[in-house]
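Here is how the chains run, residue by residue.
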Amino acid sequence: MSLSRYCIRLRPTATSSIPTSRTLPSRRYASTSNTPTPDPNANNPILAEYLKKNPQITKARAAPPAQKPPTQGSLATNSIFSSLDPGRARRAKTNQDATRRERDPAVMAAKLDPQPEVRRRWERKMVIKAIQRRGRLSRNQIIKRTEREYSMASEFMKTSVKKLGPLARQIAGKPIEEAIVQMQYSKKKAAVEIHNHLIEARDRAVVERGMGLGIAEGNPLAKRVIKLADGTRHTIFDQTGIYVEQAWVNKGAYGMDSSPRARGRVDRLRLPQTNITVKLKEEATRLREYAEREKREKAKKIWVHHPDRPITTQRPYYCW
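Rules and cut-offs
Residues numbered from 1 in each chain as written. Predicted model: local features only at pLDDT ≥ 70, side-chain atom pairs only at ≥ 80, totals over all residues. Heavy atoms only, no water. Helix = DSSP H or I, 4+ residues; strand = E, 2+ residues; numbered from the N terminus. Buried < 20%, exposed > 50% of the residue type's maximum accessible area, 1.4 Å probe, protein only. Contact = heavy atoms within 4.5 Å. Areas by Shrake-Rupley, 256 points an atom, 1.4 Å probe, with all protein chains shown as cover. Expected span 1.5 Å × (residues − 1). Arc of directions from axis to C-beta. Core = buried A, V, L, I, M, F, W, Y, C linked by side-chain atoms within 4.5 Å. Pairing = 2+ DSSP bridges. Axes fitted to C-alpha atoms, helices over the stretch in contact; angles between N-to-C directions. Parallel < 35°, antiparallel > 145°, perpendicular 65-115°, else oblique. Left-handed = near helix turned anticlockwise from the far one by under 90°. Nonpolar A, V, L, I, M, F, W, Y, C, P; charged D, E, K, R; others polar.

Visitor: A description of the overall build of the protein should follow, citing residues and the corresponding values.
Guide: The secondary structure content of the protein amounts to 11 helices and 7 strands. Across the 320 residues in the protein, those meeting the buried criterion constitute 18%. Contacts in the protein between residues far apart in sequence, at least 24 positions, make up 66% of those at least 6 positions apart. Summed over all atoms, the accessible surface of the protein reaches about 28,100 Å², with 54% contributed by carbon and sulfur.

Structural data, given as C-alpha coordinates:
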(Lines give C-alpha, C1' and ligand atoms only; values in the text may rest on other atoms or scores of the structure.)
Protein backbone atom coordinates (compact mmCIF):
# COMPACT_ATOMS: atom_id res chain seq x y z
CA MET A 1 0.00 0.00 0.00
CA SER A 2 2.79 2.37 0.77
CA LEU A 3 4.28 1.80 -2.70
CA SER A 4 0.99 2.59 -4.45
CA ARG A 5 0.57 5.82 -2.50
CA TYR A 6 4.09 6.81 -3.46
CA CYS A 7 3.36 6.17 -7.13
CA ILE A 8 0.14 8.16 -7.01
CA ARG A 9 1.93 11.13 -5.55
CA LEU A 10 4.43 11.16 -8.44
CA ARG A 11 1.68 11.52 -11.07
CA PRO A 12 1.67 15.00 -12.66
CA THR A 13 -1.41 17.10 -11.97
CA ALA A 14 -2.98 19.38 -14.53
CA THR A 15 -2.32 23.09 -14.00
CA SER A 16 -4.11 26.03 -15.44
CA SER A 17 -0.99 28.22 -15.70
CA ILE A 18 -0.01 26.84 -19.16
CA PRO A 19 -1.79 28.81 -21.91
CA THR A 20 -3.76 26.78 -24.40
CA SER A 21 -3.17 29.21 -27.25
CA ARG A 22 -0.19 31.33 -28.33
CA THR A 23 -0.71 34.90 -27.26
CA LEU A 24 2.61 36.32 -28.54
CA PRO A 25 2.70 37.08 -32.26
CA SER A 26 5.27 35.19 -34.31
CA ARG A 27 7.88 36.87 -36.54
CA ARG A 28 6.47 34.99 -39.50
CA TYR A 29 3.03 36.55 -39.06
CA ALA A 30 4.32 39.98 -38.10
CA SER A 31 2.83 43.00 -39.73
CA THR A 32 4.25 43.79 -43.16
CA SER A 33 2.70 47.22 -43.57
CA ASN A 34 4.72 49.88 -45.44
CA THR A 35 5.11 52.11 -42.43
CA PRO A 36 8.33 54.17 -42.59
CA THR A 37 10.94 53.23 -40.07
CA PRO A 38 12.24 56.11 -37.98
CA ASP A 39 15.75 57.29 -38.75
CA PRO A 40 18.00 56.69 -35.73
CA ASN A 41 20.25 59.59 -36.77
CA ALA A 42 17.43 62.13 -37.01
CA ASN A 43 17.90 63.45 -33.46
CA ASN A 44 21.72 63.54 -33.69
CA PRO A 45 22.81 67.22 -33.73
CA ILE A 46 26.45 66.42 -34.47
CA LEU A 47 25.53 64.38 -37.57
CA ALA A 48 23.11 67.06 -38.74
CA GLU A 49 25.80 69.72 -38.48
CA TYR A 50 28.28 67.50 -40.39
CA LEU A 51 25.79 66.85 -43.21
CA LYS A 52 25.04 70.55 -43.40
CA LYS A 53 28.73 71.32 -43.96
CA ASN A 54 29.06 68.54 -46.56
CA PRO A 55 26.03 68.64 -48.87
CA GLN A 56 27.61 66.25 -51.40
CA ILE A 57 27.23 63.41 -48.94
CA THR A 58 23.53 64.11 -48.64
CA LYS A 59 23.15 64.08 -52.44
CA ALA A 60 25.05 60.83 -52.73
CA ARG A 61 22.84 59.21 -50.11
CA ALA A 62 19.66 60.51 -51.72
CA ALA A 63 20.40 59.57 -55.37
CA PRO A 64 21.72 56.03 -56.08
CA PRO A 65 24.58 55.70 -58.61
CA ALA A 66 23.47 55.30 -62.19
CA GLN A 67 24.13 51.88 -63.69
CA LYS A 68 26.14 51.56 -66.88
CA PRO A 69 23.98 50.33 -69.74
CA PRO A 70 24.93 46.82 -70.93
CA THR A 71 26.97 46.52 -74.09
CA GLN A 72 26.01 44.17 -76.86
CA GLY A 73 28.36 41.22 -77.25
CA SER A 74 29.62 39.57 -80.40
CA LEU A 75 30.29 36.05 -81.61
CA ALA A 76 33.68 34.40 -81.50
CA THR A 77 35.78 34.28 -84.64
CA ASN A 78 35.57 30.47 -84.81
CA SER A 79 31.83 30.29 -84.15
CA ILE A 80 29.64 28.37 -86.59
CA PHE A 81 27.19 31.30 -86.56
CA SER A 82 29.81 33.89 -87.53
CA SER A 83 28.41 34.11 -91.07
CA LEU A 84 25.05 35.24 -89.68
CA ASP A 85 26.60 38.28 -87.95
CA PRO A 86 26.98 41.07 -90.57
CA GLY A 87 28.96 43.45 -88.36
CA ARG A 88 31.50 40.93 -87.15
CA ALA A 89 34.21 41.87 -89.64
CA ARG A 90 33.81 45.58 -88.94
CA ARG A 91 33.98 45.08 -85.18
CA ALA A 92 36.98 42.76 -85.50
CA LYS A 93 38.84 45.38 -87.54
CA THR A 94 37.95 48.10 -85.03
CA ASN A 95 39.13 45.98 -82.11
CA GLN A 96 42.34 45.13 -83.96
CA ASP A 97 43.08 48.78 -84.63
CA ALA A 98 42.38 49.66 -81.00
CA THR A 99 44.68 46.87 -79.84
CA ARG A 100 47.47 48.10 -82.08
CA ARG A 101 47.13 51.61 -80.73
CA GLU A 102 47.10 50.46 -77.11
CA ARG A 103 50.27 48.34 -77.37
CA ASP A 104 53.25 49.87 -75.61
CA PRO A 105 56.71 48.41 -76.36
CA ALA A 106 57.95 49.34 -72.90
CA VAL A 107 55.12 47.41 -71.27
CA MET A 108 55.54 44.41 -73.59
CA ALA A 109 59.30 44.29 -72.92
CA ALA A 110 58.62 43.44 -69.27
CA LYS A 111 57.16 40.12 -70.42
CA LEU A 112 58.96 39.43 -73.69
CA ASP A 113 62.42 40.54 -72.55
CA PRO A 114 62.51 40.46 -68.72
CA GLN A 115 66.32 40.28 -68.50
CA PRO A 116 67.88 42.25 -71.36
CA GLU A 117 71.43 42.05 -70.00
CA VAL A 118 71.28 38.27 -69.81
CA ARG A 119 69.91 38.13 -73.35
CA ARG A 120 72.75 40.35 -74.66
CA ARG A 121 75.39 38.20 -72.98
CA TRP A 122 73.84 35.05 -74.44
CA GLU A 123 73.74 36.55 -77.95
CA ARG A 124 77.39 37.64 -77.64
CA LYS A 125 78.35 34.15 -76.51
CA MET A 126 76.57 32.55 -79.47
CA VAL A 127 78.23 34.93 -81.92
CA ILE A 128 81.68 34.19 -80.49
CA LYS A 129 81.05 30.45 -80.65
CA ALA A 130 79.92 30.69 -84.28
CA ILE A 131 83.04 32.67 -85.21
CA GLN A 132 85.35 30.24 -83.42
CA ARG A 133 83.84 27.25 -85.26
CA ARG A 134 83.67 29.24 -88.53
CA GLY A 135 79.98 28.54 -88.89
CA ARG A 136 80.36 24.76 -88.61
CA LEU A 137 77.75 22.87 -86.65
CA SER A 138 78.66 20.45 -83.91
CA ARG A 139 77.75 16.79 -84.00
CA ASN A 140 74.89 17.21 -81.53
CA GLN A 141 73.48 20.14 -83.50
CA ILE A 142 73.50 18.13 -86.71
CA ILE A 143 71.70 15.25 -84.97
CA LYS A 144 69.09 17.60 -83.55
CA ARG A 145 68.40 19.06 -86.99
CA THR A 146 68.26 15.79 -88.92
CA GLU A 147 66.60 13.37 -86.46
CA ARG A 148 63.31 13.56 -84.59
CA GLU A 149 62.57 12.56 -81.02
CA TYR A 150 59.81 13.07 -78.49
CA SER A 151 59.81 12.61 -74.70
CA MET A 152 56.70 12.45 -72.54
CA ALA A 153 56.21 11.82 -68.82
CA SER A 154 53.06 10.22 -67.48
CA GLU A 155 50.97 11.23 -64.51
CA PHE A 156 51.96 9.87 -61.11
CA MET A 157 50.48 6.45 -60.40
CA LYS A 158 49.85 4.78 -57.05
CA THR A 159 52.57 2.17 -57.42
CA SER A 160 56.21 1.71 -56.50
CA VAL A 161 59.42 1.82 -58.50
CA LYS A 162 59.93 -1.88 -57.80
CA LYS A 163 56.69 -2.73 -59.62
CA LEU A 164 56.98 -0.20 -62.45
CA GLY A 165 60.67 -0.74 -63.25
CA PRO A 166 60.30 -4.20 -64.87
CA LEU A 167 57.57 -2.87 -67.17
CA ALA A 168 59.82 0.02 -68.24
CA ARG A 169 62.64 -2.42 -69.05
CA GLN A 170 60.19 -4.61 -70.95
CA ILE A 171 59.21 -1.89 -73.45
CA ALA A 172 62.63 -0.22 -73.82
CA GLY A 173 64.12 -0.79 -77.29
CA LYS A 174 60.93 -2.18 -78.85
CA PRO A 175 58.91 -0.61 -81.67
CA ILE A 176 56.03 1.45 -80.39
CA GLU A 177 53.36 -0.90 -81.74
CA GLU A 178 55.01 -3.94 -80.19
CA ALA A 179 55.37 -2.13 -76.85
CA ILE A 180 51.67 -1.28 -76.89
CA VAL A 181 50.79 -4.94 -77.54
CA GLN A 182 53.08 -6.05 -74.70
CA MET A 183 51.29 -3.75 -72.24
CA GLN A 184 47.87 -4.67 -73.62
CA TYR A 185 48.26 -8.36 -72.73
CA SER A 186 50.33 -7.92 -69.57
CA LYS A 187 48.83 -9.15 -66.28
CA LYS A 188 50.34 -6.32 -64.26
CA LYS A 189 47.96 -3.73 -62.83
CA ALA A 190 50.16 -0.77 -63.86
CA ALA A 191 50.33 -2.04 -67.45
CA VAL A 192 46.94 -0.47 -68.19
CA GLU A 193 48.25 3.01 -67.37
CA ILE A 194 51.43 2.45 -69.38
CA HIS A 195 49.39 1.18 -72.33
CA ASN A 196 47.32 4.39 -72.40
CA HIS A 197 50.45 6.49 -71.94
CA LEU A 198 52.20 4.85 -74.89
CA ILE A 199 49.21 5.46 -77.15
CA GLU A 200 49.07 9.12 -76.19
CA ALA A 201 52.84 9.54 -76.62
CA ARG A 202 52.70 7.94 -80.08
CA ASP A 203 49.85 10.21 -81.20
CA ARG A 204 51.59 13.32 -79.88
CA ALA A 205 54.83 12.36 -81.60
CA VAL A 206 53.03 12.00 -84.93
CA VAL A 207 51.13 15.29 -84.60
CA GLU A 208 53.72 17.52 -82.92
CA ARG A 209 56.99 16.14 -84.36
CA GLY A 210 55.85 14.58 -87.62
CA MET A 211 57.30 11.19 -86.73
CA GLY A 212 56.26 7.94 -88.36
CA LEU A 213 54.96 9.50 -91.59
CA GLY A 214 57.23 7.70 -94.04
CA ILE A 215 54.47 5.75 -95.78
CA ALA A 216 52.13 8.76 -95.79
CA GLU A 217 54.79 11.00 -97.34
CA GLY A 218 55.53 8.46 -100.09
CA ASN A 219 59.01 7.42 -98.93
CA PRO A 220 60.00 4.02 -100.36
CA LEU A 221 60.34 1.17 -97.89
CA ALA A 222 63.83 -0.31 -97.81
CA LYS A 223 64.16 -3.50 -95.80
CA ARG A 224 67.45 -3.62 -93.95
CA VAL A 225 68.90 -5.87 -91.26
CA ILE A 226 71.22 -4.26 -88.72
CA LYS A 227 73.00 -5.35 -85.57
CA LEU A 228 72.11 -3.54 -82.36
CA ALA A 229 74.50 -2.60 -79.58
CA ASP A 230 73.61 -5.70 -77.52
CA GLY A 231 74.40 -8.00 -80.44
CA THR A 232 70.84 -8.86 -81.49
CA ARG A 233 69.72 -8.50 -85.10
CA HIS A 234 66.92 -6.11 -85.97
CA THR A 235 65.01 -5.73 -89.25
CA ILE A 236 63.99 -2.23 -90.32
CA PHE A 237 61.14 -1.87 -92.82
CA ASP A 238 60.65 1.90 -92.52
CA GLN A 239 63.27 4.48 -91.57
CA THR A 240 60.59 6.71 -90.04
CA GLY A 241 59.19 3.97 -87.80
CA ILE A 242 58.86 4.92 -84.13
CA TYR A 243 60.49 2.91 -81.37
CA VAL A 244 60.98 3.36 -77.62
CA GLU A 245 64.57 4.46 -77.27
CA GLN A 246 64.50 4.85 -73.47
CA ALA A 247 62.01 4.30 -70.65
CA TRP A 248 62.76 5.22 -67.05
CA VAL A 249 60.87 5.57 -63.78
CA ASN A 250 60.81 8.49 -61.33
CA LYS A 251 59.70 8.69 -57.72
CA GLY A 252 56.99 11.08 -56.59
CA ALA A 253 55.64 12.40 -53.31
CA TYR A 254 54.44 9.82 -50.81
CA GLY A 255 50.78 9.70 -49.84
CA MET A 256 49.58 9.11 -46.29
CA ASP A 257 46.98 6.65 -45.02
CA SER A 258 46.13 4.97 -41.71
CA SER A 259 45.72 1.33 -40.72
CA PRO A 260 43.84 0.48 -37.48
CA ARG A 261 45.60 -1.95 -35.17
CA ALA A 262 44.94 -3.63 -31.85
CA ARG A 263 44.54 -1.80 -28.52
CA GLY A 264 43.33 1.36 -30.20
CA ARG A 265 46.58 1.99 -32.09
CA VAL A 266 46.86 3.26 -35.65
CA ASP A 267 49.75 2.66 -38.04
CA ARG A 268 50.67 5.29 -40.61
CA LEU A 269 51.08 4.01 -44.17
CA ARG A 270 53.31 5.68 -46.76
CA LEU A 271 51.79 5.14 -50.21
CA PRO A 272 54.38 5.57 -53.00
CA GLN A 273 53.66 7.40 -56.24
CA THR A 274 55.64 6.78 -59.42
CA ASN A 275 55.56 7.92 -63.03
CA ILE A 276 57.20 6.68 -66.21
CA THR A 277 58.92 8.68 -68.94
CA VAL A 278 59.41 7.37 -72.46
CA LYS A 279 61.65 8.78 -75.20
CA LEU A 280 60.56 7.97 -78.74
CA LYS A 281 62.84 8.08 -81.77
CA GLU A 282 62.78 6.99 -85.40
CA GLU A 283 64.56 4.02 -86.95
CA ALA A 284 66.89 6.45 -88.75
CA THR A 285 68.66 6.92 -85.43
CA ARG A 286 69.38 3.19 -85.22
CA LEU A 287 70.76 3.23 -88.75
CA ARG A 288 73.13 6.10 -87.87
CA GLU A 289 74.31 4.40 -84.68
CA TYR A 290 74.89 1.14 -86.58
CA ALA A 291 76.94 2.94 -89.24
CA GLU A 292 79.05 4.64 -86.56
CA ARG A 293 79.75 1.33 -84.81
CA GLU A 294 80.77 -0.30 -88.08
CA LYS A 295 83.07 2.61 -88.84
CA ARG A 296 84.76 2.32 -85.45
CA GLU A 297 85.21 -1.43 -85.88
CA LYS A 298 86.86 -0.97 -89.27
CA ALA A 299 89.16 1.74 -87.93
CA LYS A 300 90.60 -0.54 -85.27
CA LYS A 301 94.10 -1.85 -85.88
CA ILE A 302 94.89 -5.55 -85.95
CA TRP A 303 95.92 -6.80 -82.53
CA VAL A 304 99.17 -8.78 -82.37
CA HIS A 305 100.60 -10.72 -79.47
CA HIS A 306 104.12 -9.23 -79.45
CA PRO A 307 104.23 -5.89 -81.23
CA ASP A 308 107.62 -4.48 -82.31
CA ARG A 309 108.43 -1.72 -79.91
CA PRO A 310 111.66 -0.60 -78.28
CA ILE A 311 112.57 -2.16 -74.95
CA THR A 312 112.71 0.40 -72.15
CA THR A 313 113.64 0.46 -68.45
CA GLN A 314 116.57 -2.02 -68.85
CA ARG A 315 118.69 -2.80 -65.78
CA PRO A 316 121.91 -4.78 -65.41
CA TYR A 317 120.48 -6.80 -62.51
CA TYR A 318 117.37 -8.66 -61.59
CA CYS A 319 114.41 -6.86 -60.02
CA TRP A 320 113.61 -9.51 -57.40
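Visitor: Give a detailed account of helix H10 (residues 191-209), specifying residues and quantitative values.
Guide: Given a rise of 1.5 Å per residue, 19 residues ought to cover 27 Å, and the 26 Å separating the end C-alpha atoms of H10 matches this to within 8%. Taken together, the buried positions of H10 are occupied by Ala191, Ile194, His195, His197, Leu198, Ala201, Arg202 and Ala205. Viewed along the axis of H10, the buried residues span an arc of 165 degrees, placing them on a single side of the element. Exposed residues pointing more than 90 degrees away from the buried face of H10 are listed as Val192 and Val207.

Visitor: Report on the nonpolar core, specifying residues and quantitative values.
Guide: Ile171, Ile194, Leu198 and Leu280 are the most contacted members of the largest nonpolar core, which totals 24 residues. At the level of secondary structure, the elements contributing two or more residues to this core comprise strand E1 (149-153), helix H8 (161-171), helix H9 (176-184), H10, strand E4 (242-251) and strand E7 (274-282). When residues in this core are grouped by element, the largest group, 5 residues, is from H10. Not counting residues within four places of it along the chain, the set of residues in contact with Ile171 comprises Ala179, Met183, Ile194, Leu198, Val244, Ala247, Ile276 and Val278.

Visitor: Outline the sheet that holds E1, listing residues and values.
Guide: What the 3 strands build is an open sheet, ordered E1-E7-E4; its pairing is antiparallel. Unpaired on one side and paired on the other, E1 and E4 mark the two borders of the sheet. Taking each pair of neighbouring strands and ignoring which way they run, the sheet shows an average axis angle of 15 degrees. Bridging between E1 and E7 involves 5 bridges; their strand directions are antiparallel. By the bridge assignment, Met152 is partnered in E7 with Val278.

Visitor: Talk me through the packing of H9 against H10; I want residue IDs and the actual numbers.
Guide: Where H9 contacts H10, the axes come no closer than 8 Å and their chain directions differ by 160 degrees. Classified by the angle their axes make, H9 and H10 are roughly antiparallel. For the crossing formed where H9 meets H10, the hand is left-handed. Side by side, H9 and H10 meet where Ile176, Glu177, Ala179, Ile180, Met183 and Gln184 of the first sit next to Ala191, Ile194, His195, Leu198, Ile199 and Arg202 of the second. Grouping the constituent residues of the contact of H9 with H10 by class yields 8 nonpolar, 2 polar and 2 charged.

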